[in-house]
Amino acid sequence: MSATLKDIAALTGLSVTQVSRALNDHDDVSAETKQRARDAAKALDYRPNLSARRLASGRSGIVGLVLPPQDRTPRDSMFVQMMRGLSSAFSRHGRLFVLHAADEGEDVVAVHRRLIDGGSLDGFVLIEPEHDDPRVAYLQGRGVPLVMHGRDGPAPRYPFYDIDNLAVGRALTQMLLRAGHRRIGFINGREDMCYVAQRRLGWERALREAGVAPDPALHEHGQMTESLGALATLRLMGPDGPRPSALIAGNMLIAKGIYTALSMLGLKVPQDVSVVVHDDMLPGEDLLAVPPSSGTRSALAQSWEPLAAALIGAIEGRALPKTQHLGDFEIVEAGSIAPPP
C-alpha cells in the first residue's frame, strides 16, 4: 500500500496541511520543516497521487524538457547527468519530470505547442538559451511557466539558474595576464549560445583592462568537443597561426583536445604554452586530473535543485526575483600556468 500524506504527518508530527505545503516548497514553510517532510517522504517511499492533485489544483504535477534536435553524441555524459539530476530534484518536490527529444529538423517551438495543447504539462525547463529565444517568447505568450538553465543578458524577465559567465571569462583571462601573457587564445563554444558570448565578453574586457587589444584571430568557436580543442589548437599554434603563449579552454573536453594537439606539436604545458580551463565537474572530467589544469570550476550538479524550485515557484505564482538564482564558481591553481617563454 502506498504511503500517504497522513503517513508522513504521523511520522513527523506535522499536520497534513503542513506536510503538503512543505513538499510543495511553499515560502511560508521553514527550511527545517521542508527537510523533515522530505526525509520522511523518502523513508516511506511516498509517491504523490498525480490524478488527485490534478483534480484538486487543476495541475498535473508533471513538468518537462524538450531536447533540441542537435547531434549531442560528444556531450551525452552531460545530458545524462542533467536528466538524472533534474528528475531527482523534481521527484523530491513531488513532481514528475519527463523528457521529449525533438526529431532532426523538427521545430522546437512546434514541439512545445503540441505538448501544451495536449494539456499534460504544468511547465518546462529550457536549456542552452539563445539571444531572443523563440521558446521563451512562445511560452510566455501562452502563459506557460518556464525556467531557463542559463540566461539571455544580465536581467531576463523569466526564472533562471546561471553562473556569471562574463566573470568566468574575465577570471580565466586574468589568471594568464597576471603571469605576463598578452597573446591569449580562447577556444570557446558555439557563437549562438548566450553563455559563450558572455565568456568572450569577459575575455575581451580583461584584455582591454590590461591595455591589450583583443585579437579576433585568437578566438575560436565551435561545438565544445575534444576535436574542436585539437583542431583549433593546431590552427592557432601551427606555423601559419597567430601562436598565442597561452590558451583558454571552454570546457574539459576542449582541454583534452588542446593537450593532445600540443603534444603532437612537441609543446609542453606550462613551459611552452600555459593552459586554463573552465570545469563543469562532470563525472570523468576532472580539472585536477593529469595533466593538472588551473582554471575556474562550478559543478553543473549544483543547478538541479534551484532549477526545480524556480519552476515550481513560477507555477505557483511566486514573484520573479524569488525564481532567479545565480550560482558561484571557484578559481583553482594547479600548475598549468607559467610566464611566457
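The structure we're discussing is the one just above.
Residues numbered from 1 in each chain as written. Predicted model: local features only at pLDDT ≥ 70, side-chain atom pairs only at ≥ 80, totals over all residues. Heavy atoms only, no water.

1. Quick notes on the sheet that holds strand S1 (residues 62-67)
The strand order S2-S1-S3-S4-S5-S11 describes an open sheet built from six strands, whose pairing is parallel. Edge strands, defined here as strands with exactly one partner in the open sheet, are strand S2 (96-101) and strand S11 (324-327). Adjacent strand axes in the sheet meet at a mean angle of 20°, parallel and antiparallel pairs treated alike. Looking at chain direction, strand S4 (residues 146-149) and strand S5 (residues 160-163) are connected through two bridges and run parallel. From the neighbouring strand, Met-148 faces S5, where its bridge partner is Phe-160. (Pairing = 2+ DSSP bridges. Helix = DSSP H or I, 4+ residues; strand = E, 2+ residues; numbered from the N terminus. Axes fitted to C-alpha atoms, helices over the stretch in contact; angles between N-to-C directions.)

2. Here we look at the nonpolar core
One finds Leu-86 and Phe-90 to be the most contacted residues of the largest nonpolar core, which totals 57 residues. Not counting residues up to four positions away in its chain, the partners in contact with Phe-90 are Val-63, Arg-95, Phe-97, Val-125, Leu-307, Ala-308, Leu-311 and Ile-312. Core analysis: the next-biggest nonpolar cluster, separate from the first, contains 18 residues, Ile-62, Ile-116, Leu-121 and Val-144 among them. (Core = buried A, V, L, I, M, F, W, Y, C linked by side-chain atoms within 4.5 Å. Buried < 20%, exposed > 50% of the residue type's maximum accessible area, 1.4 Å probe, protein only. Contact = heavy atoms within 4.5 Å.)

3. Looking at helix H9 (residues 194-209)
With 16 residues, H9 ought to run about 22 Å at 1.5 Å a step, and its terminal C-alpha atoms sit 22 Å apart, in line with that. Residues Cys-194, Val-196, Arg-199, Arg-200, Gly-202, Trp-203, Glu-204, Ala-206 and Leu-207 constitute the buried set of H9. Each element contacted by the buried residues of H9 is listed here: S5, helix H8 (165-178), strand S6 (184-187), strand S7 (219-220), strand S8 (246-249) and strand S9 (274-279). Phi for Gly-211, located one or two positions after H9, is positive at around 80°. (Expected span 1.5 Å × (residues − 1).)

4. So, the packing of aromatic side chains
With the rule as written, the count across this model stands at one aromatic pair. Relative to Phe-97, the ring of Phe-90 has its centre 5.6 Å away and its plane inclined at 5°; by these criteria the two rings are stacked. (Phe/Tyr/Trp six-rings, centres within 6.5 Å; stacked < 30°, edge-to-face > 60°.)

5. Concerning the pairing of S5
Residues Phe-160 and Asp-162 line one face of S5 and the alternating positions Tyr-161 and Ile-163 line the opposite face, and both faces are buried. One ladder, built from four bridges, connects S5 with S11; its direction is parallel. Looking at S11, one finds that Asp-162 is bridged to Leu-326.

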